[in-house]
Amino acid sequence: MAEELTVKKGGKEEMYEALLPQIEGLLAGEPDTIANMANVAAALKQVFDFFWTGFYVVKDGVLVLAPFQGPVACTRITYGKGVCGTAWKEARTIIVPDVDKFPGHIACNAASRSEIVVPLVRAGKVVAVLDIDSNYLNYFDDTDAKYLERICLLID
Ligand code: SME
């Protein structure tokens, strides 16, 4: 069992390449989804120091706050609302370069400037989303989408 992460500094791609096998190791053999979400949120926070990194899970028809790292956040997001609710509705990764320009963005914290939301799709249904906020404008790109989607596939 991996107890410590090795944090590689460098370009984004390199950092994800170093992180991915470590996350695979962390999750291997652990069937509990919440435990795995908690470690993924912690690992991403440790490596990238994002402003907010966490999950919302679909429960009784609403997205409910799940393991995260960062400041306290909104607990419930409805279908189609905000970036998370839109990623749920459209079942696709959404990158928002400037949250102030996203209609209906839910501002849990004014320090958040850009955002990426990746849905976890199981048996054709969105069961959760990974939401990451940066306090920099235009932080996220296709590299983040590619690796975060791979990381989300590792969570049962
Ligand atoms: N900004 C999100 C809400 C969640 S928080 O950022 C943690 C949204 O519009 O979906």
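A. Examining the overall build of the protein chain more closely. Scanning the protein chain from N- to C-terminus turns up four helices and six strands. Secondary structure elements of the protein chain, listed N to C terminal, follow the sequence α-α-β-β-β-α-β-β-β-α. Taking 15 Å as the expected radius of gyration for a compact globule of 156 residues, we find that the protein chain reaches 14 Å, a close match to that expectation. Judged by the C-alpha coordinates and their principal axes, the protein chain covers about 40 × 35 × 25 Å. For the protein chain, buried positions account for 46% of its 156 residues. Summed over all atoms, the accessible surface of the protein chain reaches about 7,900 Å², with 52% contributed by carbon and sulfur. On the protein chain, the mean spot of the 15 positive side-chain charges and the mean spot of the 21 negative ones are 6 Å from each other.

B. How the structure looks around the pattern of salt bridges. Per the counting criterion, the structure on display carries six salt bridges. Salt-bridge contacts for Asp-141 lead to Lys-12; the nearest nitrogen and oxygen are separated by 3.4 Å. Of this pair, Asp-141 sits in the loop between β6 (125-134) and α4 (142-153) while Lys-12 sits in helix α1 (residues 12-27), placing them 129 residues apart in sequence. Taking the relative accessible area as the measure of exposure, Lys-12 reaches 18% and is therefore buried. The salt bridge partner of Asp-144 is Lys-12, with a shortest N-O separation of 2.5 Å.

Reading guide: rules and limits
- Residues numbered from 1 in each chain as written.
- Predicted model: local features only at pLDDT ≥ 70, side-chain atom pairs only at ≥ 80, totals over all residues.
- Heavy atoms only, no water.
- Helix = DSSP H or I, 4+ residues; strand = E, 2+ residues; numbered from the N terminus.
- Rg over C-alpha atoms; globule rule 2.2 N^0.38 Å.
- Buried < 20%, exposed > 50% of the residue type's maximum accessible area, 1.4 Å probe, protein only.
- Areas by Shrake-Rupley, 256 points an atom, 1.4 Å probe, with all protein chains shown as cover.
- Lys, Arg positive; Asp, Glu negative; His and termini not counted.
- Charge placed at Lys NZ, Arg CZ, Asp CG, Glu CD.
- Salt bridge = Lys/Arg side-chain N within 4 Å of Asp/Glu carboxyl O.

From the geometry alone we can't say anything about function, so treat these as descriptive.
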